[in-house]
Amino acid sequence: MDEDNSSPFRRMSSRTRKVAPRMVAALANSDNRAQAALARLEALENDNAGMETIEINEDDDTSLDDEDQVYMHKRQSKGTKRKTRQAKALENARKAPRTFAELLHEASLETLPSHVPSYLRAAVGPPSSTSRRHFCTVCGYAASYTCVKCGMRFCSCRCQNIHNDTRCLKFVA
Amino acid sequence: MSNVVVVLDNGGGLIKAGLGGERDPSTVLPNCLLRPLSSKKWLHPSPTIAASSEDPLDLTSAAVRRPLDRGYLINPDLQRDIWAHLFNSLLHISPSQSSLLLTEPLFALPSIQRATDELVFEDFNFSALYVADSPSLAHIYETSRRHVVSRGAAQCSLVVDCGFSFTHAAPVFQNFTLNYAVKRIDLGGKALTNYLKELVSYRSVNVMDETFLMDDVKEKLCFVSLDVARDLGVARKPGKKNLLRCTYVLPDGVTHTKGFVKDPDQAQRYLSLTDGALTSNLGAKVDMDHIEVTEKPEDRKRIDLTKNEFDLTNERFLVPEMLFHPADLGMNQAGLAECIVRAVNSCHPHLHPILYESIILTGGSTLFPRFAERLEKELRPLVPDDYQVKITTQENPILGVWRGGSLLASSPDFEAMCVTKSEYEELGSARCRRRFFH
Ligand SMILES: [Zn+2]
Ligand SMILES: [Zn+2]
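Residues numbered from 1 in each chain as written. Chains lettered and ligands numbered in written order. Predicted model: local features only at pLDDT ≥ 70, side-chain atom pairs only at ≥ 80, totals over all residues. Heavy atoms only, no water.

Examining the sheet that holds strand β16 (residues 309-312) of chain B
Residues and elements named next belong to chain B.
Then, number 1: A sheet is described by the order of its strands in space; here three strands give the open sequence β15-β14-β16, paired in antiparallel fashion. Of all the strands in the sheet, the pair left with one neighbour each is β15 (260-261) and β16.
Then, number 2: Across four bridges, strand β14 (residues 246-249) lies against β16 in antiparallel orientation. Opposite cysteine 246, over in β16, you have leucine 312 as the bridge partner. (Pairing = 2+ DSSP bridges. Helix = DSSP H or I, 4+ residues; strand = E, 2+ residues; numbered from the N terminus.)

In C-alpha cells form, the structure reads like this:
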C-alpha cells in the first residue's frame with residue numbers, strides 16, 4: 001500500500017488499476033466485448049476487489065494463497081506424521097478450496113435427465129423482453145452512446161471524456 | 001437422542017445460530033474470517049448483535065475470506081474453523097450432545113452435501129442432523145403467525161428469498177419446497193454491495209477494498225425506486241431541490257473507525273417522493289430525455305477530500321434496481337417479477353391463485369425501503385386480473401428463516417426427521433440425504 005497516510009481512501013486517478021488478463025485478451029478482439037461484459041459480471045461476486053492487486057504488485061509474502069497454505073498445513077499436521085513434500089503438495093492441491101464453478105463442472109449436471117430439478121435447471125433464464133435500459137457508466141443517467149473501443153455507455157461528451165481518461169479498457173479486476 | 005437442538009442458518013453473508021425453541025438466534029455472525037490492516041493474522045469477526053456496540057476491530061480495508069462461494073460451501077476447512085469458534089466460544093454447546101438443524105441452499109451439489117455431512121458428523125460429532133432449505137422455514141414461520149381462515153392459503157406460499165448470494169422464487173406446499181418449480185436469479189446482496197463499490201469508486205472515492213463500509217452505506221442509504229425515470233430527474237437537480245442527494249462520511253481512523261450518514265434527515269427526504277407529492281414537486285411530468293440539465297456534472301464530482309466524505313444521488317436506487325432488471329447490467333436473466341411468474345407457472349394451475357396471494361419476502365436484500373411496493377407494481381400487470389397479489393415482508397427478513405427452523409426443531413416430529421450419526425456411519429452421505437428429499 002502506498003504510504004500516503006492522509007487517508008486509507010485514495011482517489012481513483014491516483015491509482016493504477018490492474019486489468020485482468022482475461023479481460024485484456026477479450027478486449028484485444030473487439031468481437032469479444034460480450035466476454036468482457038461477462039468477466040465484469042463475474043467480478044461482482046469477488047471478495048477483496050483491490051486487495052489481491054495490491055498484494056501481487058508488492059510481492060507481499062502474506063498473500064492470500066500463502067495464508068491458505070499455512071492454514072492448510074496447520075489443519076493437516078494433526079494426526080498425520082511425516083509426509084514427503086510431494087505427498088503434501090498433492091494433498092494440498094486436492095484440498096485447496098475450489099470455486100463453485102469448478103465444483104459445478106465436476107458434477108456434470110447436464111447429464112441428468114431433463115425432469116430432474118438441478119442447479120442448472122433452476123436458473124430463471126433470459127428476460128422475455130429484450131429491451132435494455134442503458135445508464136451512463138460515468139454519471140448514471142440515460143445513456144445513448146456506446147464507446148466503440150469497449151462497449152460501455154456514456155451520455156454526453158463530458159462523460160465520454162471522463163470515460164476515455166479513467167474507465168475505457170480499465171476494469172476492476 | 002439428546003434434547004438440545006442447535007439451529008444453524010448458515011448463510012453466505014451471515015450465520016444465524018441458537019437453540020431450537022427460542023424466539024431469536026443467540027448469535028448473528030458474519031460467515032467469514034477477516035484480516036484488518038493492522039493484523040497479519042486472519043481473525044474471527046465479532047457477532048453483529050453483541051451487547052457492546054463498539055466493534056473492537058477497525059474494519060477499514062480489511063481482507064475477507066468466506067467459506068461459501070455463490071451461496072455454496074466451497075471451503076470446508078474454513079467453515080470448520082468458523083463453526084468451531086461458534087460452538088465453543090459463542091454458543092457454548094457440545095456438538096456430541098446435540099442435534100443440528102442446518103440450512104443448506106437449494107440444489108446443493110452432491111459433493112457439497114458430502115462435505116457438509118463430513119463436517120457435521122466426522123469433525124463435530126453431532127448426534128443427529130436435519131438439513132432444511134430456507135424457503136420452507138420462512139413458510140413455516142409465517143404460517144405459524146397467520147391466523148388464516150382459509151386452509152389452502154395456510155398450506156402454500158411463494159417464498160422470495162433474496163439473500164447474500166442469490167435470489168430464489170420458491171413455491172412451498174405443505175411445508176415442502178417444490179424444487180422442480182424453483183427459479184433463481186444470480187444476484188444477491190453481495191453483488192449489490194460490489195456494484196455500489198464500483199459506482200462510488202469510479203465517480204468519487206476509491207472504496208473497492210471497503211466491503212464492510214459499503215455494506216453500511218447500502219443498508220442505510222439505498223432504496224428501491226417506484227419510478228426510475230422520475231427519480232433520475234430528481235437526482236440531478238441542484239441544491240435543495242435534489243431530494244435524493246445525501247452525504248456519507250468516511251472513517252478517519254482517529255476519531256471514528258466507522259463511517260456514518262452525515263445528515264440522516266437529509267437522507268430521508270426521498271420518502272416525500274410519493275406518487276402524489278411528485279407531481280406537485282416537479283410541476284409537470286418529467287420526460288427523461290428532455291430534462292434541463294440544471295447541474296453540471298463537475299458540481300457533483302467536486303469532493304472535499306479533506307473532509308473524507310462522498311455524495312450519493314442516483315446510486316441510491318440504481319443499485320437495488322439490478323434485482324428488478326438484471327438485463328440493464330448486461331446480465332441475461334429475467335428480473336424478480338418475471339422470476340416469480342415463472343416459478344408459479346411451473347406449479348399446478350390450481351395453486352396459481354393461492355401462490356400469488358401468499359408471497360413472502362425474506363432475506364436481507366428485501367430490506368430496501370419500498371421493495372414490496374415496487375415488486376407489486378411490476379408483478380400486477382403480469383398476473384391474471386382475477387387473481388389477487390398479496391406480498392408480505394417478514395417482520396425480520398434476516399432472522400425469519402432461523403425462527404422457522406427454531407419452530408421446526410421444537411416440534412414433536414423433529415427427532416424422527418433427523419438422520420442420526422449411526423445411520424450416517426452405516427448408510428453414508430448419499431443414502432441419508434434421500435430422507436430430506438420429498
Ligand atoms: Zn454521463
Ligand atoms: Zn471505452
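Further notes follow.
Some points on the coordination of the zinc ion (ligand 1)
All names here are of chain A.
Then, number 1: Coordination of the zinc ion (ligand 1) by the protein involves Cys136 (SG), Cys139 (SG), Cys155 (SG) and Cys159 (SG), with metal-donor separations of 2.3 to 2.4 Å.
Then, number 2: If you look at the zinc ion (ligand 1), its four donor atoms make angles of 102 to 118 degrees with each other, and the shape they trace is tetrahedral.
Then, number 3: Going along the chain, you hit the donors of the zinc ion (ligand 1) in the pattern C-x2-C-x15-C-x3-C. With cysteine 139 in the loop between α7 (119-122) and β1 (145-146) and cysteine 155 in the loop between β2 (153-154) and α8 (157-167), this pair connects stretches of sequence that are 16 residues apart. As far as the burial class goes, cysteine 139 and cysteine 155 line up, both buried. (Donors = N, O, S within 2.8 Å, 3.2 Å for Na, K, Ca; no water. Tetrahedral: all angles 85-135°; square planar, octahedral: opposite > 155°, others 65-115°. Buried < 20%, exposed > 50% of the residue type's maximum accessible area, 1.4 Å probe, protein only.)

Quick look at the nonpolar core
All names here are of chain B.
Then, number 1: By size, the foremost hydrophobic cluster in this structure holds 64 residues, and its most contacted members are Leu8, Trp83, Leu86, Phe87 and Leu101.
Then, number 2: Among the elements that take part in this core, helix α1 (residues 76-91) stands out by supplying six residues, more than any other.
Then, number 3: Once residues lying within four places of it in the same chain are set aside, the contact partners of leucine 86 are Leu8, Ile15, Ala17, Thr27, Leu29, Leu91 and His92.
Then, number 4: Ala181, Tyr248, Tyr356 and Leu375 belong to the second-largest nonpolar core, a separate cluster that totals 60 residues. (Core = buried A, V, L, I, M, F, W, Y, C linked by side-chain atoms within 4.5 Å. Contact = heavy atoms within 4.5 Å.)

Concerning the pattern of salt bridges
Then, number 1: In the structure shown here, the tally under the stated rule is 31 salt bridges over all chains.
Then, number 2: Residue aspartate 47 of chain A pairs with arginine 66 of chain B through a salt bridge whose shortest N-O separation is 2.8 Å. Here aspartate 47 of chain A is found in the loop between α2 (33-43) and α3 (51-58), whereas its partner arginine 66 of chain B is found in the loop between β5 (63-65) and β6 (68-69) on a different chain.
Then, number 3: Here arginine 66 of chain B falls in the buried class, since its relative accessible area comes to 11%.
Then, number 4: Lysine 218 of chain B is paired through a salt bridge with aspartate 215 of chain B; the nearest N and O atoms lie 4.0 Å apart. Of this pair, lysine 218 of chain B and aspartate 215 of chain B both sit in helix α6 (residues 211-221), three residues apart, which is roughly one turn of that helix. (Salt bridge = Lys/Arg side-chain N within 4 Å of Asp/Glu carboxyl O.)

With respect to the sheet that holds strand β8 (residues 98-103) of chain B
Residue and element names in this part refer to chain B.
Then, number 1: Spatially, β3-β2-β1-β8-β9-β19 is the arrangement adopted by the six strands of the open sheet, whose pairing is mixed. Across the chains shown, the open sheet's two edge strands, defined by having one partner strand only, are β3 (27-30) and β19 (419-420).
Then, number 2: Bridge analysis of strand β2 (residues 14-19) against β3 gives four bridges, and the strand direction is antiparallel. The residue of β3 that forms the bridge with isoleucine 15 is leucine 29.

Some details on unusual backbone geometry
Then, number 1: Despite not being glycine, serine 108 of chain A has its phi angle at roughly 30 degrees, a positive value.
Then, number 2: Relative to the helices and strands, serine 108 of chain A is located in the loop between α6 (100-106) and α7.
Then, number 3: A residue is classified by how much of its surface remains accessible, and serine 108 of chain A, at 26% relative accessible area, is partly exposed.
Then, number 4: The phi dihedral of arginine 370 of chain B falls on the positive side, at around 70 degrees, and the residue is not glycine.
Then, number 5: The topology assignment puts arginine 370 of chain B in the loop between β17 (359-362) and α14 (371-379).

Brief notes about the confidence of the model for chain A
Residues and elements named next belong to chain A.
Then, number 1: Put simply, chain A has an average pLDDT of 68, and 51% of its residues get 70 or more.
Then, number 2: Low pLDDT, under 50, characterises residues 1-8; the predicted model gives this stretch ten contacts beyond four residues in sequence or across chains.
Then, number 3: A low-confidence stretch, residues 50-81 (pLDDT under 50), is modelled with 51 contacts involving residues beyond four sequence positions or located in other chains. (pLDDT = per-residue confidence, 0-100.)

Looking at the side chain of asparagine 10 of chain B
Then, number 1: Along the chain, the position of asparagine 10 of chain B falls in strand β1 (residues 4-10).
Then, number 2: Apart from residues lying up to four places away in sequence, asparagine 10 of chain B is in contact with Ile15, Asn31, Leu68, Gln79, Trp83, Leu102 and Thr103 of chain B.

As for the pairing of strand β10 (residues 156-162) of chain B
Residues and elements named next belong to chain B.
Then, number 1: The buried fraction of β10 is high, at seven of seven residues.
Then, number 2: Both faces of β10 are covered, namely the face carrying Cys156, Leu158, Val160 and Cys162 and the face carrying Ser157, Val159 and Asp161.
Then, number 3: For β10 and strand β11 (residues 167-173), the ladder comprises seven bridges, and the chain directions are antiparallel. The residue bridging cysteine 156 from the neighbouring strand is phenylalanine 173, located in β11.
Then, number 4: In textbook terms, the turn of a hairpin is the stretch between consecutive antiparallel strands, and for β10 and β11 this stretch comprises four residues.
Then, number 5: Where β10 lies against β17, four bridges are found, and the strand directions are parallel. Along β17, the bridge assignment pairs valine 159 with isoleucine 360.

Focus on helix α12 (residues 336-345) of chain B
Then, number 1: Across the ten residues of α12 of chain B, eight count as buried, placing the element largely inside the fold.
Then, number 2: The set of residues buried in α12 of chain B consists of Leu336, Ala337, Glu338, Cys339, Ile340, Val341, Ala343 and Val344 of chain B.

Details of the packing of helix α5 (residues 189-203) of chain B against helix α11 (residues 315-324) of chain B
Residues and elements named next belong to chain B.
Then, number 1: Running from N to C, α5 and α11 point in directions that differ by 145 degrees, and their axes come no closer than 9 Å. For the crossing formed where α5 meets α11, the hand is right-handed. Here α5 contributes Ala191, Leu192, Tyr195, Leu196, Leu199 and Arg203 to the contact with α11, which in turn contributes Glu315, Leu318, Val319, Pro320, Met322 and Leu323.
Then, number 2: For the contact of α5 with α11, the class distribution of residues is ten nonpolar, no polar and two charged. (Axes fitted to C-alpha atoms, helices over the stretch in contact; angles between N-to-C directions. Left-handed = near helix turned anticlockwise from the far one by under 90°. Nonpolar A, V, L, I, M, F, W, Y, C, P; charged D, E, K, R; others polar.)

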